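# Summary of structural features
Each chain is listed here by its residues.
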Amino acid sequence: MKFKFGTLLFLFFLICVPIAILAGARAMAYIAKEVPSTEHLQAYTPNLVTRVYDKDRTLIAEFFVERRVLVPLSEMPPYLINAFLAIEDYNFFTHWGVCIRGITRAFVHNIRVRRVSQGGSTITQQLAKTLFLTPARTAIRKIEELIITIQIERDFTKEEIFQLYLNQINFGAGAWGVEAAARVYFGKNVSELTLAESALLAAIPRAPSRYNPFRHPAHAYRRRAVVLRRMRDVGFITEEQEREAREVPLPTERQIQRQPSGHYFVEYLRHMLINRYGFDKVHTQGLTVFTTLDLNAQIAAEAAMEEALNAFDESRAAFFERQNIENPPRVQGALIAMDVHTGAIRAMVGGRDFRETQFNRAVQARRQPGSVFKTFVYLAAIESGFTAATLLQDKPMVFVNERGNWDLVSRCLTHLEVLATQFEDQLDLVDTMRVWTPSNFGGRFRGPVTLRRALASSINTCAVETIMAVTPMRTISYARRLGIESPLTNTLSLALGASDVTLQEITSAFSVFPAGGVRTEPFMITRIIDSSGMVLEEHIPQEREVLNPQTSFIMTNLLRASVEAGSGARARGAGRPVAGKTGTTNNHTDVWFVGFSPELAAGVWVGYDDPAISLGDRQTGGVLAAPIWANFMRGALYGVPVQNFAEPENIDWAFIEPNSGLLALSRTPGAYLEAFIRGTAPTRYFNHAETTFVFELFTDDEEGF
């Protein structure tokens, strides 16, 4: 029996079409099972930028994987919304997620030009691709996109979808979302965008690299013109508005500048945050971190350090040239400053160039502090009954190590004379491991001096005599009390700074004195808020009284003498009442100045990373570190009213004769006012007829090791 062709064709469709539909439905069902669920979008939070602020709420840094800041649709200007609608999806608010007309128009256009130059994807489809799918162009991926698009349209309002889209898309130049893009390209918030700026942002996402105005301004200009024309065609703007917007120049450089200063502070902070919250939370969850950094003080610190170290390198160039060293090392430095009353870290310089090395010498490096450590020796002495007027003996000292103990064998002869007369058969005269003779800078000895002068002029023999009297262990206990945590050796050489410490801990310890004996833990973070506004942490001051106010004031007064008439004289450049102590290590490899004003404590270290390299015989803490410290303090405290150190109760003042440490009349040559804890001042007056002391004024150029 013969069938007509039309009958056969009808039977074919009758049988095959249902089969095809069934197969397609099964394929769709199978693919749908593999499609990721959109349920998590209900609580979806894209990768956000963690923003870091200084103490005055100035943005200083951002941590991110994608630079992105969430902003609600209500804060976006109409120009921006209309620009995206016009160029990306004019019918967005009326279609059900897929625009058949748009797909057809794009298909016909692409056939005509024989390449893919237009896409028919709606905003919802683009969001689906961005959030859930890979860039691969396959039939299965297109089906997955369609399924996800329908799910998104079913579960979210148009406003929610549009807001997600505008906060999610990539604008190039490291910017994700419209808020970050507005800041990168125009240096403003998205709510402040003009028509021309909105049109440019709408132009970029199609091809962020190609339409980047910094790299390809011609392409960006033409693409922006397309957006503006489309906005006019659909009635969003007038022809005049289009013409005016096209004449607006494109941005030429990114507006979010690289972090100008505080790199070591920020990096130290970042590692601290990662240890507490983990890498992902710090870099993707949009935390807001308020810190203690004073940007003005930080800038002053970096300027003071860079100026001094550049000058030093220039002065050493000839020396290295004579040594035939082709690539001489650059000298390094570190500075840290903190509020004496709260412990808030206000400035931190960990080295000369963060790009060159991220090693933070302010908090990570341990180096010998030299004479800075004498401060703790004399603190222990004051607490043990010494006074600023106690007489010490600046005379030669010879120690011999017998069975592990250093024994003082002479205070009047040179060590060679002692060894020759008493130990000639027992000791090799060149065995420096068994003979120790503390020396003073310049090799001079002054005889009897007051404790005040011993500290101010940084006399080594007097420091050793004092630590012998109070014991190294008692000195260590006071250093620990003030916050020194580094290992300290129970030896007499501790008095001269033989144990390594960090700049941060010794600066923090010095801050106890102007704080009236109250120790506060140094800190960098005042508050952290998550992206929902919840406070994750807030600083609670950790204070502990470790000294009485009277001892603290006596120590402050003694350290003022080091600046006013001693080895730290160059710190007077701070231009206000300050106190501090110099330090210089053996062979001049490390130089220090640590000091404070009534408001701010700061420490400066200068040296080479290789401790075997000397800074030079003439370089001391007073010569190199103190001027840096003074320049920093002058800049950091600019505009801050000048204050004097507060005097507590139970302090007596008395005129002291400088060579005897006894009471003096005001008309006695060289007499000066000295502070004493009530009841500890000398009771005897100086009688010139009874003494053989030679009067000698302090000098400004004395420096201990």
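Structure first, text after, so check above.
Summary of the structure given here. (Residues numbered from 1 in each chain as written. Predicted model: local features only at pLDDT ≥ 70, side-chain atom pairs only at ≥ 80, totals over all residues. Heavy atoms only, no water.)

## Describing the packing of helix H8 (residues 195-203) against helix H9 (residues 217-233)
Running from N to C, H8 and H9 cross one another at 110°; their axes reach a closest spacing of 8 Å. As far as their axial angle goes, H9 and H8 are roughly perpendicular. Contacts between H8 and H9 involve Leu195, Ala196, Ala199, Leu200, Ala202 and Ala203 on the former and, on the latter, Ala220, Arg223, Arg224, Val227, Leu228 and Met231. Within the contact of H8 with H9, the residues separate by chemical class into 10 nonpolar, no polar and 2 charged. (Axes fitted to C-alpha atoms, helices over the stretch in contact; angles between N-to-C directions. Helix = DSSP H or I, 4+ residues; strand = E, 2+ residues; numbered from the N terminus. Parallel < 35°, antiparallel > 145°, perpendicular 65-115°, else oblique. Contact = heavy atoms within 4.5 Å. Nonpolar A, V, L, I, M, F, W, Y, C, P; charged D, E, K, R; others polar.)

## Topic: the side chain of Thr585
Examined against the element boundaries, Thr585 turns out to sit in the loop between strand E17 (579-584) and strand E18 (590-596). Polar contacts involving the side chain of Thr585 include one to the side chain of Thr589, which spans 3.0 Å. (Polar contact = N/O pair within 3.5 Å; in protein donor to acceptor, adjacent residues only side chain to side chain.)

## A word on the sheet that holds strand E15 (residues 535-538)
The 5 strands are arranged E2-E1-E5-E14-E15 in an open sheet whose pairing can be described as mixed. Looking at the sheet topology across the chains shown, the edges are occupied by strand E2 (59-63) and E15. Between one strand and the next, the sheet's axes are offset by a mean angle of 15°, whatever the strand orientation. Looking at chain direction, strand E14 (residues 525-529) and E15 are connected through 3 bridges and run antiparallel. Looking across to E15, one finds that Arg527 is bridged to Glu538. Sitting on the sheet, helix H11 (residues 263-277) is in contact with strand E1 (50-53), E2, strand E5 (288-291), E14 and E15, with an inclination near 55° to E14. (Pairing = 2+ DSSP bridges.)

## A closer look at the packing of helix H2 (residues 78-88) against H9
Viewed as axis vectors pointing N to C, H2 and H9 meet at an angle of 95°, and their least axial separation amounts to 9 Å. With respect to H9, the element H2 is oriented roughly perpendicular. Residues Tyr79, Asn82, Ala83, Ala86, Ile87 and Glu88 of H2 touch H9, and the partners they reach there are Arg223, Val226, Val227, Arg230 and Met231. Here the contact of H2 with H9 is built from residues that sort into 7 nonpolar, 1 polar and 3 charged.

## Section: unusual backbone geometry
Of note in this structure, Ala173 is not a glycine but carries a positive phi near 55°. Structurally, Ala173 is set in the loop between helix H6 (158-168) and strand E4 (175-176). A positive phi is found at Asn587, a non-glycine position, where the angle reads about 65°. Position of Asn587 relative to the elements: it lies in the loop between E17 and E18.

## Quick notes on helix H13 (residues 295-322)
Here H13 is 28 residues long and its end C-alpha atoms lie 41 Å apart, about the 40 Å a rise of 1.5 Å per residue gives. The sharpest bend along H13 reaches about 35° and sits at Arg316. Those residues of H13 that sit buried are Leu295, Ala297, Gln298, Ala300, Ala301, Ala304, Met305, Leu309, Phe312, Asp313, Arg316 and Phe320. Buried residues along H13 sit against E2, strand E6 (332-339), strand E7 (345-349), strand E19 (600-607) and helix H21 (621-636). One or two positions beyond H13, positive phi appears at Asn324, with a value near 60°. (Expected span 1.5 Å × (residues − 1). Bend = angle between axes of the 7 residues up to and from the residue. Buried < 20%, exposed > 50% of the residue type's maximum accessible area, 1.4 Å probe, protein only.)

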